[in-house]
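Below are the chains, spelled out letter by letter.
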Amino acid sequence: MKPRIEIVTPAPPGSLHGNRITAMRWQRILKGLGYQSSITESWSGSPCDLLIALHAKRSHQAIKRYKKSYPTHPVILAMTGTDIYRDLGKTPKVIDSMQMADAIVILQSKALESLPKRFHKKVTVIYQSISTVARKPPPKGYWLSTLIGHLRPEKDPFCAPRSLDLVPTQSKLKLIHLGKAMSPLMGKHANVMMEHQSRYQWLGELSHGKTLQWLARSNVMVITSRMEGGAHVVSEAIAIGVPVIASDIPGNRGLLGDDYPGYFPVGDIKALSELLYKAESNPKFHQKLNKALLARKKLVQPELEKKSIQVLVESLLG
């Protein structure tokens, strides 16, 4: 009988948070490998042979309870961007979760540089993958840029809309923003931005499938985050072949590479507007982005993620 695995994620069922999407994808991979697994928001208390916990801070209590009940059973901790780039130095729970974990997963290579060296021997990099989604022809009549992510401060969601004021008038750029407002104030701000800026349209939260369809027909995708553990939407853009204009943070560099030509300084709306217009108006630059993206495509193949998970799980369960 195959070992039983429980995957803990604080993201609730039905949500489109990255942690929930990752948990569901890993469950499918584990099923393909022959393992029984379930997804919970906190450890259920049911016996299992391995606990996979997404989020060091928010899953801390689940890890602690599990280790108290089953001290010899392994725990895999998958760390998020807020764990690594915000809470690591502020919240003792993050370090405590790392100490209790038998293995630590990060979603892009640059994250290792931010972790204390004493934990490096526990760390495995597992790049997120997506099943093949076909590239769609871009729309005619305008240049489609998509901004995909929930509206919360870590994503700096209004950096891109504000940059549109600086785009030359001859540009045909249109920015479609997909994501849930995580507070009423964020939603109100997005509506005000739409009234002010005709190039900007916020569509709210769509299904994952519909979001991928928007991404697949985009000329470029924009990610303006102040911190990321390894945004799944960037992996999706790489897999589909949609050039990315990205904030210059470790979470993006770890996926796109240090030599990627599409970075702008965090929060710099002038630099972002210039890159967006350059991608639209300069075919050679757009092709350069495409070529750089193609070089990273091997990292987001489902076979690589499946093999990485298989090797890690088998190493812990023997």
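Each remark here, short or long, concerns the structure printed above.
In this text the structure is predicted, and so the values were computed from the model without any measurement.

About the cut-offs
Residues numbered from 1 in each chain as written. Predicted model: local features only at pLDDT ≥ 70, side-chain atom pairs only at ≥ 80, totals over all residues. Heavy atoms only, no water. Salt bridge = Lys/Arg side-chain N within 4 Å of Asp/Glu carboxyl O. Helix = DSSP H or I, 4+ residues; strand = E, 2+ residues; numbered from the N terminus. Buried < 20%, exposed > 50% of the residue type's maximum accessible area, 1.4 Å probe, protein only. Polar contact = N/O pair within 3.5 Å; in protein donor to acceptor, adjacent residues only side chain to side chain. Contact = heavy atoms within 4.5 Å. Pairing = 2+ DSSP bridges. Axes fitted to C-alpha atoms, helices over the stretch in contact; angles between N-to-C directions. Core = buried A, V, L, I, M, F, W, Y, C linked by side-chain atoms within 4.5 Å. Arc of directions from axis to C-beta. Phe/Tyr/Trp six-rings, centres within 6.5 Å; stacked < 30°, edge-to-face > 60°. Lys NZ or Arg CZ within 6 Å of the ring centre and 35° of its normal. Expected span 1.5 Å × (residues − 1). Parallel < 35°, antiparallel > 145°, perpendicular 65-115°, else oblique. Left-handed = near helix turned anticlockwise from the far one by under 90°. Nonpolar A, V, L, I, M, F, W, Y, C, P; charged D, E, K, R; others polar.

So, about the pattern of salt bridges. Applying the stated criterion to the full structure yields 12 salt bridges. Taking the shortest distance from any N to any O, the salt bridge between glutamate 154 and arginine 86 comes out at 2.6 Å. Note that glutamate 154 is positioned in the loop between strand 7 (143-148) and helix 5 (159-163) and arginine 86 in helix 3 (residues 81-87), a separation of 68 residues in sequence. Classification of arginine 86 by relative accessible area gives partly exposed; the value is 29%. For the salt bridge of glutamate 154 with arginine 152, the shortest nitrogen-to-oxygen distance reads 3.2 Å. Residue class for glutamate 154 comes out buried when judged on its relative accessible area of 15%. A relative accessible area of 27% places arginine 152 in the partly exposed class. A single network of salt bridges, built from pairs that share partners, joins Lys110, Glu113, Asp248, Arg253 and Asp258.

This next bit is on the side chain of threonine 82. On the secondary structure map, threonine 82 appears in helix 3. You can call threonine 82 buried: its relative accessible area is 12%. Reaching out from threonine 82, the side chain makes a polar contact with the side chain of histidine 55 at a distance of 3.5 Å. Sequence-distant contacts of threonine 82, defined by excluding residues within four places in its chain, comprise His55, Asp87, Arg152, Glu154 and Met227.

Turning next to the sheet that holds strand 6 (residues 123-125). Ordered in space as 2-1-3-4-5-6, the six strands form an open sheet in which the pairing is parallel. If you trace the sheet from one side to the other, it starts and ends with strand 2 (36-40) and strand 6, each paired once. With strand direction ignored, the average angle separating the axes of adjacent strands in the sheet is 20°. Contacting strand 1 (4-8), strand 2, strand 3 (50-54), strand 4 (75-78) and strand 5 (103-106), helix 1 (residues 18-32) crosses the sheet at an angle of about 170° to strand 2.

On to the nonpolar core, then. Of all hydrophobic cores here, the largest spans 56 residues; its most connected members are Met221, Val234, Val244 and Leu256. When near neighbours in sequence (up to four residues on either side) are disregarded, methionine 221 contacts Thr146, Leu215, Val233, Val234, Ala237, Val242, Pro243, Val244 and Ile245. Counting 25 residues, the second-largest nonpolar core is a separate cluster that includes Ala62, Leu88, Ala101 and Val123.

Next up on the list: helix 2 (residues 60-69). Of all the positions in helix 2, only His60, Ala62, Ile63, Tyr66 and Lys67 are classed as buried. The buried residues of helix 2 occupy one face: seen down the axis, they fall within an arc of 165°. Looking at the buried side of helix 2, the elements it contacts are strand 1, strand 3, strand 4 and helix 4 (92-100).

The next thing to look at is the environment of threonine 9. One can find threonine 9 in the loop between strand 1 and helix 1. Overall, threonine 9 belongs to the buried group, its relative accessible area being 0%. A sequence separation of 119 residues divides threonine 9 from glutamine 128, and the C-alpha atoms of the two residues are 16 Å apart.

Here the focus is the sheet that holds strand 12 (residues 263-264). Sheets are built from strands that pair by backbone hydrogen bonding, the pairs being arranged parallel or antiparallel. Reading across from one edge, 9-8-7-10-11-12 is the order of the six strands in this open sheet, with parallel pairing throughout. Since the sheet does not close on itself, it has two edges, and those belong to strand 9 (200-204) and strand 12, each with one partner. In the sheet, strand 10 (residues 220-223) pairs with strand 11 (residues 244-247) via three bridges, with the strands oriented parallel. The residue of strand 11 that forms the bridge with isoleucine 223 is alanine 246. Its contacts with the sheet place helix 7 (residues 208-216) against strand 7, strand 8 (173-178), strand 9 and strand 10, and it is angled at close to 140° to strand 7.

A complete count under the given rule lists four aromatic pairs for this structure. On the numbers, 5.6 Å between centres and 40° between planes, the contact of tyrosine 66 with tyrosine 70 is tilted. Tyrosine 66 sits in the buried class, given a relative accessible area of 0%. Among the aromatic residues, ring-to-ring pairing joins Trp43, Tyr66 and Tyr70 into one connected group. Note that lysine 2 overlies the ring of tyrosine 35, its terminal NZ or CZ placed 4.6 Å from the centroid. Positioned over the ring face of tryptophan 214 is arginine 217, at 5.5 Å from the centre of the ring.

This part is about helix 6 (residues 184-196). Because an α-helix packs 3.6 residues into every turn, residues spaced three or four apart end up facing the same way. Over its 13 residues, helix 6 extends 19 Å from the first C-alpha to the last, a length consistent with the 18 Å expected when each residue adds 1.5 Å. Looking only at helix 6, the buried set comprises Met186, Gly187, Ala190 and Met193. Looking down the long axis of helix 6, one finds its buried residues gathered within 120° of arc, a one-sided arrangement. The outward face of helix 6, more than 90 degrees from its buried face, is lined by the exposed residues Pro184, Leu185, Lys188, Glu195 and His196. Structurally, helix 6 contributes buried residues whose contacts are with helix 5 and strand 9.

With that out of the way, let us pick up the packing of helix 7 against helix 8 (residues 232-240). Relative to each other, helix 7 and helix 8 sit at 50°, their axes nearing to 10 Å. By the angle class used here, helix 7 and helix 8 are oblique. Of the two elements, helix 7 crosses helix 8, and the hand of that crossing is right-handed. Every residue of helix 8 that contacts helix 7 at His208, Leu212, Leu215 and Ala216 is listed here: Val233, Glu236, Ala237 and Ile240. When the residues that make up the contact of helix 7 with helix 8 are grouped by side-chain class, the tally is six nonpolar, one polar and one charged.

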